[in-house]
Amino acid sequence: MAQRNILAKKQFSIKSFFFQWEWLLVIVFILINVMNANISDYYLNPTLLLDATMTFLDKALLVLPMVFILVLGDIDISVASTIALSSVVMAVLYNLGVPMPVAILFCLLVGTLCGYINGILLTKFKELSAVIVTLSTMIIFRGIAYIILEDQAAGKFPKWFNFLSWGYMGKIPFILIVFVILAIIFGLLLHKTTFGRRIFAMGNNIEACRFSGVQVDKIKVIVFTLTGLMAGVTAIFLTSRMGSTRPNVAMGYELDIIAMAVLGGVSTAGGKGRMIGAILAIFIIGFLRYGLGLINIPAQALLIILGLLLIVSVMIPNLKGRFQTLRKVKS
Amino acid sequence: MSEYILELKGITKIFPGVKALDRVEFKLKRGQIHALMGENGAGKSTFIKVITGVLTPNEGEIYLDGQKISFKNPKEAQHMGIAAIYQHVTCYPDLTVTENIFMGHEKVQKRTKRILWKEMHEEAKVLLDELCANFEPKVLMGSLSVAQQQIVEIAKALSTNAKIIIMDEPTAALTKKESEELYRITEKLRDQGAAIIFISHRFEDMYRLASEVTVFRDAKYIGTWLVNEITNENLIVAMVGREITQLYPKKEAIIGEEILRLEGLSKTGYFKDISFSVKKGEIVGLTGLVGAGRSEVIQAMTGLMSYDSGKIYFENKEVEIKNPLTAMQLGIGYLPEDRQKQGLILEWGIGRNITLPTLDRCSTKGWMNEGVEAVMAKELLEKVEVKANSVFDLASSLSGGNQQKVVVAKLLSADLKVIILDEPTKGVDVGSKSAIHEIINDLACKGYGVIMISSEMPEILGMSDKVVIMREGKVTAIMDREQTTQELILESAMMNQADFS
């Protein structure tokens, strides 16, 4: 048998380069900005635009690890409750006289622990799905937050704590800098490391991973714990922005976060998606909300637009598949 | 009345980009078992879908009882008395046997549409009795063995009063004894007047049952012969299109020192007191009936399952294998039985598939080096002669035999000393089969210790230096190549049932 030569280099094809979900997101992003600029004269003001990012970036921090979880083929709907619990713990500890830096440390710790619990439950009881496990912990974490603080608010944080969400470094909001740094770290982790590669593999075929010596349970626990930690980070920035906290804080965030990732092209079935898509989606939704807010469009109308955007975003890849088979049949 | 109950002329089916069937002919006589053979991808499955009305052919004519017909949908074909039993049993595991049998044609009261459970259970019972089944119609489908589920599928075919029954590799997942039972049922159906199309990779099925055999190759019709008129060699030539000189090329590998030894390995409820060893360059065939505990022993050796007692020695040192990773780090690799579910990520390029167990080799401190990765994959793919153009070709785009080669290449990427193969040629066509056998021999020659699980007697006899036979969780015999005969293996695998009662 003649030795075959198998190519090891990827052949560059212009068609497949431009035929990517992310380009569509770029177009949508530009369209939204053009639209916003047309409906409001105040929109294209760099300072205001940068300020606008402050309103949605705390939530966006959690989209980064959520992409990891969705790529794994799992889902975590307990993140908002984790934010609430860690935020409440931080506030209560501070009000009891614990120094703020220590309270912040506890906030991160509680978040990490919540994520770790999710991960352990999922890997020890394989018959439970991620939806069920995180639905249960979502209720439990929120419940604990209510027990700790009852239906009250806690706050009166030190002045410097406000800086986290309201402060600037030069002309750039501090939180934007944090977000950019974390986004780069998470993006590299997902796409350029063996860890990320294994996560994609697990999302595609976890059984094959087990047979290939990939330590699937360990990776799953790490990813969920990391998500918990990021929920803690989000809690810090969110509490800083609000100035005080309540047990019902961040209610419904989990759906916003998952919606952003899905709009970004991350498949909820696992194994597909890119960080850059999710990041584009964050800014699309964020700026859309800001722009419509400028001309006083009610929040309800905004929800409808977001819902439509989501349906279209899930539909288009399917249409693309149909279009391709159509072309194949013709040729 | 025509001589043929079913006649297909010049059937062509084109899928986007491929011709799945190219002017195919087929004639089925009344009361006959007709074998249909061909390599994977020869078009057999598409052909069946045409007969059962799942697909509509682009060209060609179908005659049923001498009358030209065309099916718009599977329901019409079912009404005309055509039923198919598929390769992988397509059942509803959480429903009862009765519900499975009557799925799609439930008995209902005409006016109120109430389901007539009692009547259905009774009729199911009659059907099952006719097939000599030893289970009740009210049990859940999922609690039955594959062989029993197969019988339910046949009962389903009978319940539609099928005149033509198509069986797509029904024996693939059955043991010898269960196959025997299936043969008996098939013959009974034939004697009752049904015409049967029997698809199988196993030659013994064909010799045992069929009176005529039709061969497809590369979507084309090759020919039809009477089974007692065609020789084994000619049939293989017809299927493969070339002669396979030696079915089991035994290269003499130099057998060296012992690498792996099991001593009294036990796990309650699965296996007991398992002891055997593998040497360098040796091929150990592990056989026994399905359910004898072969796969479980292997899973314990590779860390996929825990064991209660016993010891594993690797290069004369006692080792503890906690998970597949430690097994792999020691040098024990496992080629799983189900290559699509356990071996490959079908949506990925073959290169990435290969490097998955050994990502550490193409990365520095956790950072991937994709250039190194692609070159490593290319070399391994060329070594096992995979038919592909690039390391980025999707695994799903390859044929079964080539997929299996990719999984083998995946094992070669790691630094292994012992390679365990679980049914490496199951569901693989004759051509790829011999290629895989050659690779296994090559591995032995390179000094790997090889353990090969197989239910196929000729494969075990042809390939192994040593045969380990298991029955009901115990090793019943270990034989050298010279002593082994088919009869001896069967005896050790099946006899002395009384001991366990």
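Residues numbered from 1 in each chain as written. Chains lettered and ligands numbered in written order. Predicted model: local features only at pLDDT ≥ 70, side-chain atom pairs only at ≥ 80, totals over all residues. Heavy atoms only, no water.

A.B. asks: Explain the pattern of salt bridges here, please?
C.D. replies: A side chain of one charge can pair with a side chain of the opposite charge when the charged atoms of the two come close. Evaluated as defined, the whole model comprises 32 salt bridges over all chains. Across the pair Arg246 of chain A and Asp151 of chain A runs a salt bridge whose closest N-O atoms are separated by 3.9 Å. Of the two residues, Arg246 of chain A is situated in the loop between strand E4 (244–245) and helix H13 (253–263) and Asp151 of chain A in the loop between helix H7 (130–149) and strand E1 (154–155); the sequence distance between them amounts to 95 residues. Arg246 of chain A gets classed as partly exposed once you look at its relative accessible area, which sits at 36%. Of the charged contacts, one joins Arg261 of chain B and Glu263 of chain B as a salt bridge, the two residues approaching to 2.9 Å between their closest N and O atoms. Through salt bridges with shared partners, a single ionic network connects Lys59, Asp256 and Arg289 of chain A. (Salt bridge = Lys/Arg side-chain N within 4 Å of Asp/Glu carboxyl O. Helix = DSSP H or I, 4+ residues; strand = E, 2+ residues; numbered from the N terminus. Buried < 20%, exposed > 50% of the residue type's maximum accessible area, 1.4 Å probe, protein only.)

A.B. asks: Is there a simple way to explain the state of the cysteines in this structure?
C.D. replies: Cysteine pairs can be linked by a disulfide, which is a covalent bond between their two sulfur atoms. Under the counting rule described, the total for this entry stands at zero disulfides over all chains. Of all cysteine sulfurs in the structure, the one in Cys362 of chain B sits closest to Cys209 of chain A, which takes part in no disulfide; the separation is 15 Å. (Disulfide = S-S within 2.5 Å.)

A.B. asks: Would you mind going over the confidence of the model for chain B with me for this structure?
C.D. replies: Low pLDDT means the predicted atomic positions in that stretch should not be read closely. Per-residue pLDDT for chain B has a mean of 84; in total, 94% of the residues score no lower than 70. In the model, residues 496–501 of chain B has pLDDT below 50 throughout and makes five contacts with residues more than four positions away in sequence or in other chains. (pLDDT = per-residue confidence, 0-100. Contact = heavy atoms within 4.5 Å.)

A.B. asks: Would you mind showing me how to read the environment of Cys132 of chain B here?
C.D. replies: All names here are of chain B. By the secondary structure assignment, Cys132 is in the loop between helix H4 (117–130) and helix H5 (146–159). Note on Cys132: relative accessible area 45%, which makes it partly exposed. Distance in space between the C-alpha atoms of Cys132 and Gly366 is 60 Å, their sequence separation being 234 residues. Once you skip the residues sitting within four places of it in the chain, Cys132 turns out to touch Glu181 and Arg184.

A.B. asks: Whenever I open this one, the nonpolar core confuses me. Can you help?
C.D. replies: Generally speaking, soluble globular proteins have nonpolar side chains that are buried together. With 109 residues, the main nonpolar core has Val67, Phe179, Ile199 and Phe283 of chain A as its most contacted residues. Considering every element that reaches this core, the biggest residue donor is helix H14 (residues 275–294) of chain A, with 13 residues. Setting aside residues up to four positions removed in sequence, Val67 of chain A forms contacts with Leu190, Ala261, Val266, Met275 and Ala278 of chain A. Membership of the second largest hydrophobic core comes to 49 residues, among which are Ile154, Ala194, Val215 and Val240 of chain B. (Core = buried A, V, L, I, M, F, W, Y, C linked by side-chain atoms within 4.5 Å.)

A.B. asks: Sorry, what's going on with the sheet that holds strand E12 (residues 271–279) of chain B here?
C.D. replies: Through backbone hydrogen bonds, the strands of a sheet pair up, either in parallel or in antiparallel fashion. Residue and element names in this part refer to chain B. Spatially, the four strands line up as an open sheet ordered E12-E11-E14-E15, and their pairing is antiparallel. The sheet terminates laterally at E12 and strand E15 (317–319), the two strands that pair on one side only. Pairwise comparison of adjacent strand axes, ignoring direction, gives a mean angle of 20° for this sheet. (Pairing = 2+ DSSP bridges. Axes fitted to C-alpha atoms, helices over the stretch in contact; angles between N-to-C directions.)

A.B. asks: Help me out: how do you make sense of the interface of chain B and chain A in this one?
C.D. replies: Buried accessible area, meaning the area lost when the parts come together, often serves as the stated size of an interface. Facing the 42 residues of chain B at the interface are 31 residues of chain A. With both chains or domains summed, chain B and chain A bury close to 3300 Å², and 59% of this area falls on carbon and sulfur atoms. The interface formed by chain B and chain A includes three salt bridges. For the salt bridge of Arg198 of chain A with Asp360 of chain B, the shortest nitrogen-to-oxygen distance reads 3.5 Å. (Buried area = accessible area lost by both parts, 1.4 Å probe.)

A.B. asks: Honestly, the packing of helix H5 (residues 79–95) of chain A against helix H12 (residues 216–242) of chain A in this entry has me stumped. Any pointers?
C.D. replies: Helix-helix packing: each pair is described by the crossing angle between the helix axes and the interaxial distance. All names here are of chain A. Interhelical geometry of H5 versus H12 gives an angle of 60° and a closest axis separation of 8 Å. On the basis of the axis angle, H5 is oblique to H12. The hand of the H5/H12 crossing is right-handed. In this structure, H5 contributes Val79, Thr82, Ile83, Ser86, Ser87 and Met90 to the contact, and H12 contributes Thr227, Gly228, Ala231, Gly232, Thr234, Ala235, Ile236, Leu238 and Thr239. Counted by class, the contact of H5 with H12 contains seven nonpolar, eight polar and no charged residues. (Parallel < 35°, antiparallel > 145°, perpendicular 65-115°, else oblique. Left-handed = near helix turned anticlockwise from the far one by under 90°. Nonpolar A, V, L, I, M, F, W, Y, C, P; charged D, E, K, R; others polar.)

A.B. asks: It is not clear to me how the packing of aromatic side chains should be interpreted in this structure. Could you clarify?
C.D. replies: Scanning the model with the defined rule gives 15 aromatic pairs over all chains in all. When the centroid spacing of 6.0 Å and the interplanar angle of 50° are considered together, the rings of Phe283 of chain A and Phe287 of chain A count as tilted. Here the residue Phe283 of chain A and the residue Phe287 of chain A both occupy positions in helix H14, the gap between them amounting to four residues, near one helical turn. Side by side, Phe283 of chain A and Phe287 of chain A carry an identical accessibility label, which is buried. Aromatic pair Phe26 of chain B and Phe47 of chain B: ring centres 5.2 Å apart, planes at 65°, arrangement edge-to-face. Of this pair, Phe26 of chain B sits in strand E2 (residues 18–29) while Phe47 of chain B sits in helix H1 (residues 44–51), and the two are 21 residues apart along the sequence. When sorted by exposure, Phe26 of chain B lands in the same class as Phe47 of chain B, which is buried. Through a chain of ring-to-ring contacts, three or more aromatic side chains come together here, namely Phe29, Phe56, Phe179, Phe283 and Phe287 of chain A. Taking NZ or CZ as reference, Arg197 of chain A lies 6.0 Å from the ring centre of Trp348 of chain B, over its face. (Phe/Tyr/Trp six-rings, centres within 6.5 Å; stacked < 30°, edge-to-face > 60°. Lys NZ or Arg CZ within 6 Å of the ring centre and 35° of its normal.)

A.B. asks: Mind showing me how you'd approach helix H14 (residues 400–413) of chain B here?
C.D. replies: Every α-helix winds through 3.6 residues per turn, so residues three or four apart in the chain are directed the same way. Along its 14 residues, H14 of chain B runs 20 Å from first to last C-alpha, staying within 8% of the 20 Å computed at 1.5 Å per residue. Most of H14 of chain B is tucked away: 14 of the 14 residues are buried. (Expected span 1.5 Å × (residues − 1).)

A.B. asks: In this structure, what is going on with the domain arrangement of chain B? I would like to understand it.
C.D. replies: Taken domain by domain, chain B comprises domain 1 (4–240), domain 2 (258–331 + 417–500) and domain 3 (348–414). The C-alpha centroid of domain 2 of chain B is placed 34 Å from the C-alpha centroid of domain 1 of chain B. (Domains from an automatic or database assignment.)

A.B. asks: Can you help me understand the packing of H14 of chain B against helix H15 (residues 430–445) of chain B in this one?
C.D. replies: All names here are of chain B. Here H14 crosses H15 at 15°, and the two axes come no closer than 9 Å. Classified by the angle between their axes, H14 and H15 sit roughly parallel to one another. The interaxial crossing formed by H14 with H15 has right-handed handedness. Where H14 approaches H15, its residues Gly401, Gln404, Lys405, Val408 and Leu412 are matched on the opposing element by Ser432, Ala435, Ile436, Ile439 and Leu443.

A.B. asks: I'm lost on a nonpolar patch on the surface in this one. Help?
C.D. replies: Nonpolar side chains collect at one region of the surface, where Met35, Ile39, Tyr42, Leu48, Leu294 and Ile295 of chain A lie side by side and expose about 510 Å² of accessible area between them. Structurally, the position occupied by Tyr42 of chain A is in the loop between helix H2 (21–39) and helix H3 (46–53). (Patch = residues over 30% accessible without salt bridge, like charges linked within 9 Å, V, L, I, M, F, W, Y side chains within 5 Å. Areas by Shrake-Rupley, 256 points an atom, 1.4 Å probe, with all protein chains shown as cover.)

A.B. asks: Teacher, can you tell me more about the side chain of Thr98 of chain B here?
C.D. replies: Residue and element names in this part refer to chain B. Positionally, Thr98 belongs in helix H3 (residues 97–101). Overall, the relative accessible area of 0% leaves Thr98 in the buried class. Not counting chain neighbours up to four residues away, the residues in contact with Thr98 comprise Met120, His121, Ala124, Pro137 and Lys138.

A.B. asks: Help me out: how do you make sense of the sheet that holds strand E13 (residues 283–287) of chain B in this one?
C.D. replies: Residues and elements named next belong to chain B. The sheet built from six strands is open, its strands ordered E16-E19-E20-E13-E21-E22 with mixed pairing. Pairing within the sheet leaves two strands with one partner each, and these edge strands are strand E16 (332–335) and strand E22 (474–480). The mean inter-strand angle of the sheet, taken between neighbouring strand axes irrespective of direction, is 20°. Across four bridges, the pairing between E13 and strand E21 (residues 466–471) is parallel. The partner of Val284 across the bridge, within E21, is Lys466. Running over the sheet, helix H9 (residues 294–301) touches E13, E16, strand E19 (418–422), strand E20 (449–453) and E21 and is turned about 145° from E20. With respect to the sheet, H15 is in contact with E13, E19 and E20, its orientation differing from that of E20 by roughly 150°.

A.B. asks: Even after reading the chapter, I still don't get the pairing of strand E8 (residues 195–199) of chain B, so can you show me in this structure?
C.D. replies: Every regular strand shows the same layout, with side chains that alternate between the two sheet faces. Within E8 of chain B, five of the five residues are buried, which leaves the element mostly enclosed by the surrounding structure. By the alternation rule, side chains of E8 of chain B split into Ala195, Ile197 and Ile199 of chain B and Ile196 and Phe198 of chain B, which are all buried.

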